[in-house]
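In case you want the letters, here they are:
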Amino acid sequence: MGDWPKVPEEEQLGRLGVLLVGIKVTKSLGWIFRETSSTDIGIDGEMELRNKDLTSHGKRILLQIKCGHSYLSEENENSFIYRGSYSHLRY
């Protein structure tokens, strides 16, 4: 069985992060979530905001989603702390 393809744990965690953000955006915020399925340069999805009357004004926020212990190694009693690189912030 040594010649079967392997899926790295990091890949699984990345997928899990995208799915969890999609659920949160859709269920908790009531907004629209779209996963990016093209070449990955860092944008993993987008969310489109909806008004209280459920109409959309077309405003979107692009998302770079991080998941895993290496990204969220700091926490306090209320939240996790993510310290990203300047290049990611600038992008």
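These lines cover the structure that appears in this document, whether it is placed above or below. (Residues numbered from 1 in each chain as written. Predicted model: local features only at pLDDT ≥ 70, side-chain atom pairs only at ≥ 80, totals over all residues. Heavy atoms only, no water.)

### Overview of the nonpolar core
Then step 1. Core analysis: the biggest nonpolar cluster contains six residues, these being Val-18, Val-25, Phe-33, Met-47, Leu-63 and Ile-65.
Then step 2. Aside from chain neighbours lying at most four places away, what touches Met-47 is Val-25, Trp-31, Ile-32, Phe-33, Lys-59, Arg-60, Ile-61 and Leu-63. (Core = buried A, V, L, I, M, F, W, Y, C linked by side-chain atoms within 4.5 Å. Buried < 20%, exposed > 50% of the residue type's maximum accessible area, 1.4 Å probe, protein only. Contact = heavy atoms within 4.5 Å.)

### Considering the side chain of Glu-46
Then step 1. Here Glu-46 shows up in strand β2 (residues 45-50).
Then step 2. Polar side-chain contacts of Glu-46 include one of 2.8 Å to the side chain of Arg-34.
Then step 3. In this view, Glu-46 contacts Ile-32, Phe-33, Arg-34, Arg-60, Ile-61, Leu-62 and Leu-63; residues no more than four positions away in its chain are not counted. (Helix = DSSP H or I, 4+ residues; strand = E, 2+ residues; numbered from the N terminus. Polar contact = N/O pair within 3.5 Å; in protein donor to acceptor, adjacent residues only side chain to side chain.)

### A few points about the sheet that holds strand β1 (residues 32-35)
Pairing between sheet strands relies on hydrogen bonds along the backbone, with the strands arranged either parallel or antiparallel.
Then step 1. An order of β1-β2-β3 is seen for the three strands of this open sheet, with the pairing classed as antiparallel. Two strands bound the open sheet, and with one partner strand each, they are β1 and β3 (56-63). Between one strand and the next, the sheet's axes are offset by a mean angle of 20°, whatever the strand orientation.
Then step 2. With five bridges joining them, β2 and β3 adopt antiparallel strand pairing. (Pairing = 2+ DSSP bridges. Axes fitted to C-alpha atoms, helices over the stretch in contact; angles between N-to-C directions.)

### Some points on the environment of Leu-13
Then step 1. Tracing the sequence through the fold places Leu-13 in helix α1 (residues 9-29).
Then step 2. When near neighbours in sequence (up to four residues on either side) are disregarded, Leu-13 contacts Cys-67 and Gly-68.

### Let's talk about the pairing of β2
Then step 1. The element β2 is extensively covered by neighbouring structure, given that five of its six residues are classed as buried.
Then step 2. Both β1 and β2 contribute to a ladder of four bridges, which runs antiparallel. Along β2, the bridge assignment pairs Phe-33 with Met-47.

### So, the pattern of salt bridges
Then step 1. In the structure shown here, the tally under the stated rule is five salt bridges.
Then step 2. Among the salt bridges present, the one from Arg-15 reaches Glu-35, with a minimum N-O distance of 2.6 Å. Pair noted here: Arg-15 is in helix α1 and Glu-35 is in strand β1, with a separation of 20 residues, a long-range link.
Then step 3. For Arg-34, the salt bridge is made with Glu-48, and the minimal N-O distance between the two is 2.5 Å. Residue Arg-34 is found in strand β1, and its partner Glu-48 is found in strand β2; the two are separated by 14 residues along the sequence. (Salt bridge = Lys/Arg side-chain N within 4 Å of Asp/Glu carboxyl O.)

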